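# A structural walkthrough
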Amino acid sequence: YMSEYAGPCLLFNVNGIPSTLIDDKLTERGVCIRSGFHCAPLAHKSLGTGEYGAIRCSFGIYTNESEINTFIKVLKDVVNEIKRDKEAYVGGIGII
């Protein structure tokens, strides 16, 4: 079944950051996504996301531009926070 109103699904990762870590940080901010291998480890191997999996988010028919812009802003904030935290660890030992 495929409705003419089906929303898009976006699969991505951020180089060097586990998808589950981004998921945790987004969840803390009230943003719901899915992370990991999505029951498809061979697909992730083929996509080159086999080490950390990927982030999957989808947009519904009622998702508006403001919500998408908020998601992008929160995602950027999370990635920047993780990168700052990573740099604070000596030799990169720590969360990543």
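Along each chain, residue indices are assigned from 1 in the same order as the chain's sequence is written. In view of the model being predicted, local features appear only for residues whose pLDDT reaches at least 70, and side-chain atom pairs are presented and counted only at 80 or more, with totals across whole chains, interfaces and linings using the full set of residues. Processing note: side-chain calculations cover all non-hydrogen atoms of the structure and skip hydrogens and water entirely.

## Side note on the overall build of the chain
Quick note on the threshold: Only DSSP runs of H or I reaching four residues or more are called helices, and only runs of E reaching two or more are called strands; each is numbered from the N terminus. For the exposure calls, accessible area comes from a 1.4 Å probe over protein chains only, and a residue counts as buried if that area is under 20% of its type's maximum, exposed if over 50%, partly exposed in between. Note on definitions: a residue-residue contact is assigned when non-hydrogen atoms from the two residues lie within 4.5 Å. In short, Shrake-Rupley with a 1.4 Å probe defines the accessible areas, and a residue's cover is counted only from the protein chains shown.
For the chain, the helix and strand inventory stands at three helices and three strands. Shown N-terminal to C-terminal, the secondary structure of the chain runs as helices and strands in the order β-α-β-α-β-α. Residues classed as buried in the chain amount to 28% of the 96 residues present. A separation of at least 24 residues holds for 63% of the contacts in the chain among residues at least 6 apart in sequence. Counting only carbon and sulfur atoms, one obtains 55% of the accessible surface of the chain, whose full area is about 6,800 Å².

## Considerations on helix α1 (residues 19–28)
Among all positions of α1, only Ser 19, Leu 21, Ile 22, Asp 23, Lys 25 and Leu 26 are buried. Trailing α1 by a residue or two, Gly 30 shows a phi angle of about 85°, which is positive.

## A look at the nonpolar core
Going by this rule: Each nonpolar core is a collection of buried residues, namely Ala, Val, Leu, Ile, Met, Phe, Trp, Tyr and Cys, held together in the definition by side-chain atoms within 4.5 Å.
In terms of nonpolar packing, the biggest core is built from 16 residues, with Ile 17, Ile 22, Leu 26, Ile 33, Phe 71 and Leu 75 touching the most fellow members. Elements represented by at least two residues in this core include exactly α1, β3 (54–58) and α3 (65–88). Residue contributions to this core peak at six residues, all from α3. Aside from chain neighbours lying at most four places away, what touches Ile 33 is Asp 23, Leu 26, Ile 55, Arg 56, Cys 57 and Phe 71.

## Topic: unusual backbone geometry
Of note, His 38 is a non-glycine position whose phi angle comes to about 50°, a positive value. Tracing the backbone shows His 38 in the loop between β2 (34–36) and α2 (41–47). Even without glycine at this site, Cys 39 takes up a positive phi of about 60°. Note on placement: Cys 39 falls in the loop between β2 and α2. What makes Cys 39 exposed here is its relative accessible area of 84%.

## Observations regarding the confidence of the model for the chain
Regions with low pLDDT carry predicted coordinates that are not meant to be interpreted in detail. Basically, it comes down to this: Residue-level confidence of the predictor is summarised by pLDDT, bounded by 0 at the bottom and 100 at the top.
Taken as a whole, the chain shows an average pLDDT of 85; of its residues, 83% reach a score of 70 or greater. Here α2 stands out as the element of the chain with the lowest mean pLDDT, 88, in contrast to α1, whose mean of 95 is the highest.

## With respect to the state of the cysteines
Spelled out, the test is: In plain terms, two cysteine sulfur atoms within 2.5 Å form what is called a disulfide here.
Counted according to the given criterion, the structure contains zero disulfides. Summary of cysteine pairing: Cys 9 is not part of a disulfide, and the nearest cysteine sulfur, belonging to Cys 57, is at 7.1 Å. Judged by its relative accessible area of 52%, Cys 9 is exposed.

## Here we look at the side chain of Thr 49
The condition is simple: What qualifies as a polar contact is a pair of N or O atoms within 3.5 Å, subject to a donor-acceptor requirement within protein and to the restriction that residues adjacent in sequence count only when both atoms come from side chains.
One can find Thr 49 in the loop between α2 and β3. By relative accessible area, Thr 49 is classed as buried at 10%. Within the structure, Thr 49 has its side chain in polar contact with the side chain of His 44 (distance 2.6 Å). Setting aside residues up to four positions removed in sequence, Thr 49 forms contacts with Asn 13, Phe 37 and His 44.

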